[in-house]
Amino acid sequence: MNKAMNKPVLAVGPFHPLQEEMEYFQLTVDGEIVTDIDVRISYNHRGIEKISETLQFDQVPYLVSRVCGICSASHPLAYINAVEEIAGVTAPERAQYIRVIINELERIHSHLLWVGLGGHFIGYDTVFMWAWKYREPVLDLLEAITGNRNNYGNVCVGGCREDIPDEMIPKILKELDTIEKKTEMLTKAVLDDPVLHARLKGVGILTKEAAVKYAVTGPTARGSGIAIDVRHDDPYAAYGDLDWKVISQPEGDVFAKAVVRLLEIFESIKMIREALKKLPKGPIAVEVKQIPPGEGCGHAEAPRGETFHYVRSDGGNRPIRHKIRAPSYVNVPSFKASCIGQNISDVTLTLASVDPCYSCTERVAVVDSHHNIINDYEALLQMSRDKTARLKKEIGAPELKMEES
Amino acid sequence: MSWKMWSLKKSIWVFHVNTGACNNCDIEIVNCLTPKYDIERFGIKLVGSPRHADALLVTGVVTLQALPRLLEVYRQTAKPCVVFPIGACACDTGIFYNGYHVAGPVDKIIREEDPNAIIAYVPGCPPKPEAMISGVMKALSAI
């Protein structure tokens, strides 16, 4: 018997739908402190790369938009970037701007979703309800433009499938004003709250060195002071023409990641406004007759980080190799740096802070082998909420009645 | 109608099983809880354990690794229960029909375990929250 078997083990999963994988975390705990973490994947493995080889080039975007439902604009865009590199075509300018608008709307709804779930995990269900309520207008906009609330399927090789009609632009701008006002209110409420400061600051710190070592991307890296962003470093679509800045925070804790995401929402709104103002006239797609033999790489900045697609063509009508690297695949191993030494009640939040998916904490069981106590997700959530309540008392915040879970 | 079936139709509590979905259906299920849709006004509630549930919301194509876990969850659910395959993948495997790691559609798998299972389909990719509410309501008025 090895030594680790005798230690209490906290099992998170296995139902944890990430981009391509469901995950199972095994946390070894010593009392309340996490001492080790182990990750197992492939529960959600659907063989997308192999299925992609059976589909034609223009059918694959519909498949890769189902790699992850929340990144369903970034994955097809990264794939299209790769195929357009092989074919040597450039989409018309109008299509490039439409791609930016769809991608930024996706980022807004994804970040609001994360803020809501982050609030839910620490027992602030008001934040959850607010954030998800303000997310609805974004989904309505996406539905008005592409025809679906998620899985937009709006890109095709050589351009876009759906245009943004001119008469819709004032409506979008009006909605953006509402979203901006509400998000501003939410941001102030979240960032000025002393309890949230006490609860999120210094929790799950991923230092800059560790972030470099684990090669994390997206808001996880930007929250650790590494200002990398594909949109800025290697502009695709129309990002090079727009005026915006990369948000980064040096602290590396959960609070920094929340700040990065909240402030990015405003940058996205700014970008959409500018893109709508600059939206050039003209066609939205060019016809691509043939994909020549060759290979191409495409990447795009998904809400969670860089998504990378590699496509190889032999001149036929199907890709002969399609490789996908989703952002969470590199972000997840960083738990090894951010979770060890943490309190169990902070782990749900730390795991959630890289935004792998909310469902990771759907099925949590704490197995204490010494005392044979089995706690489930509810108990773990309660621990997290109790800590918030305790901190509230210390700060002297007014007593709020928390919802019974 | 037995009293068990009669009581099943009141305030249905649901348990959410993800067996290999892309998150869209899952997000839309959680969306049903939020202020715009608010399914709790119909007495529908998401619960944390299959033992408390009257219905299973199964999302996603069933991968080989998730298959034994889905069956385990189904066995743990108190009978009679309704199984709702949510979304195109769960209803008939959708775009993943020829995947090598795909065990098959949810209804086939559940029927092999229990031939008398009550199954109600909510198609769509992803189904809108309105469609889910309507699907659950229609199924409950049919049984």
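Observations concerning the overall build of chain B
A tally of regular secondary structure across chain B gives six helices and seven strands. Seen in sequence order, chain B has helices and strands lined up from the N terminus as α-β-α-β-β-β-α-β-α-β-α-β-α. Computed over its C-alpha atoms, the radius of gyration of chain B comes to 14 Å, within 12% of the 15 Å expected for a compact globule of 143 residues. Overall, the C-alpha framework of chain B stretches about 40 × 35 × 25 Å when taken along its three principal axes.

Section: the overall build of chain A
Secondary structure summary: chain A contains 15 helices and ten strands in total. Across the 405 residues that make up chain A, the buried fraction comes to 53%. Sequence-distant contacts, at least 24 apart, represent 70% of the contacts inside chain A between residues at least 6 apart.

Some remarks on the nonpolar core
Counting residues in each nonpolar core, the largest one holds 146 residues, and the members touching the most others are A:V83, B:L56, B:V58 and B:F84. In terms of residues, this core owes the most to one element, helix α4 (residues 93-121) of chain A, which gives 14 residues. Residues contacting B:V58, with those up to four places away along its chain left out, are B:V17, B:T19, B:L70, B:V83, B:F84, B:P85, B:I86, B:A90 and B:V106. Counting seven residues, the second largest nonpolar core, distinct from the first, contains A:Y214, A:V216, A:A221 and A:V330.

Brief notes about the pairing of strand β8 (residues 319-325) of chain A
Residues and elements named next belong to chain A. In this structure, strand β7 (residues 305-313) lies alongside β8, joined through six bridges in antiparallel fashion. Across the sheet, H309 pairs through a bridge with I324, a residue of β8. Hairpin connection from β7 to β8: five residues lie between these consecutive antiparallel strands, with G315 at a positive phi of about 95 degrees.

Observations concerning the sheet that holds strand β7 (residues 118-119) of chain B
Residues and elements named next belong to chain B. Spatially, five strands are ordered β2-β1-β3-β5-β7 in an open sheet, and the strand pairing comes out parallel. Edge strands, defined here as strands with exactly one partner in the open sheet, are β2 (45-46) and β7. Relative to β7, strand β5 (residues 82-86) runs parallel, the two sharing two bridges. Opposite V83, over in β7, you have I119 as the bridge partner.

Focus: the interface of chain B and chain A
In this assembly, 28 residues from chain B lie in contact with 33 residues from chain A. In terms of residues, the side of chain B that touches chain A owes the most to one element, helix α2 (residues 24-31) of chain B, which gives four residues. The class makeup of the residues in the side of chain B that touches chain A is twelve nonpolar, twelve polar and four charged.

What about the confidence of the model for chain B?
All names here are of chain B. Chain-level pLDDT for chain B is 87 on average; 99% of the residues reach the 70-or-more range. Ranking the helices and strands of chain B by mean pLDDT puts β5 first, with 93, and helix α1 (residues 3-8) last, with 82. Of the two predicted TM-score estimates for the complex, the pTM is 0.86 and the ipTM is 0.90.

With respect to the sheet that holds β8(A)
Residues and elements named next belong to chain A. Reading across from one edge, β6-β7-β8 is the order of the three strands in this open sheet, with antiparallel pairing throughout. Looking at the sheet topology across the chains shown, the edges are occupied by β6 (294-302) and β8. Along the sheet, successive strands turn relative to each other by an average axial angle of 15 degrees, direction set aside. Sitting on the sheet, helix α3 (residues 74-87) touches β6 and β7, and the angle it makes with β6 is about 150 degrees.

Concerning α2(B)
Counting buried positions along α2(B) gives eight out of eight residues, so the element sits mostly inside the fold. Listed as buried for α2(B) are B:N24, B:C25, B:D26, B:I27, B:E28, B:I29, B:V30 and B:N31. Of the surrounding secondary structure, the elements contacted by the buried residues of α2(B) are α4 and α5 (125-146) of chain A together with β1 (13-18), β3 (55-59), β5 and α6 (129-142) of chain B.

Some points on the packing of helix α6 (residues 169-191) of chain A against helix α11 (residues 254-278) of chain A
All names here are of chain A. Their axes nearest at 10 Å, the elements α6 and α11 cross at an angle of 165 degrees. Relative to α11, α6 is oriented roughly antiparallel. Crossing geometry of α6 relative to α11 is assigned as left-handed. Of α11, the residues touching α6 (which contributes I169, I172, L173, L176, I179, E180, T183, T187, V190 and L191) are A258, V259, L262, I265, F266, I269, I272, R273 and L276. A breakdown of the residues in the contact of α6 with α11 according to their chemical character gives 15 nonpolar, two polar and two charged.

Quick word on unusual backbone geometry
The peptide bond linking B:K79 to B:P80 adopts the cis configuration, its omega dihedral lying at 0 degrees. You can see B:P80 is positioned in the loop between α3 (67-76) and β5. For the bond from B:C125 to B:P126, the omega torsion is -15 degrees, close enough to zero to count as cis. One non-glycine residue with positive phi stands out, namely A:N151, at about 50 degrees. Tracing the chain through its elements places A:N151 in the loop between α5 and β4 (155-156).

Describing the confidence of the model for chain A
Residue and element names in this part refer to chain A. In the predicted model, chain A carries a mean pLDDT of 82, and 86% of its residues have values of at least 70. Contacts of residues 16-21 to residues separated by more than four positions or lying in other chains number 35 contacts, the stretch itself having pLDDT below 50. Note that pLDDT drops below 50 for residues 357-374; the model gives that stretch 49 contacts with residues more than four away or on any other chain.

Remarks on α4(A)
Residues and elements named next belong to chain A. The end-to-end C-alpha distance of α4 is 42 Å, a good match for the 42 Å that 29 residues give at a rise of 1.5 Å each. Of all 29 residues in α4, 28 are buried; the element is thus mostly enclosed. Two residues or fewer past α4, G123 is found with a positive phi of approximately 90 degrees.

Examining the environment of A:A82
Residue and element names in this part refer to chain A. Tracing the sequence through the fold places A82 in helix α3. Using a count of 24 C-beta atoms within 10 Å as the deciding quantity, one classes A82 as buried. For the pair A82 and G296, spaced 214 residues apart in the sequence, the C-alpha separation amounts to 4.6 Å. Leave out the neighbours within four places in its chain, and A82 touches G296, C297, G298, H309, Y310 and V311.

Calculation criteria
- Residues numbered from 1 in each chain as written.
- Chains lettered and ligands numbered in written order.
- Predicted model: local features only at pLDDT ≥ 70, side-chain atom pairs only at ≥ 80, totals over all residues.
- Helix = DSSP H or I, 4+ residues; strand = E, 2+ residues; numbered from the N terminus.
- Rg over C-alpha atoms; globule rule 2.2 N^0.38 Å.
- Buried ≥ 20, exposed ≤ 12 C-beta atoms within 10 Å, placed from the backbone.
- Contact = placed C-beta atoms within 7 Å.
- Core = buried A, V, L, I, M, F, W, Y, C linked by C-beta atoms within 7 Å.
- Pairing = 2+ DSSP bridges.
- Nonpolar A, V, L, I, M, F, W, Y, C, P; charged D, E, K, R; others polar.
- pLDDT = per-residue confidence, 0-100.
- Axes fitted to C-alpha atoms, helices over the stretch in contact; angles between N-to-C directions.
- Parallel < 35°, antiparallel > 145°, perpendicular 65-115°, else oblique.
- Left-handed = near helix turned anticlockwise from the far one by under 90°.
- Expected span 1.5 Å × (residues − 1).

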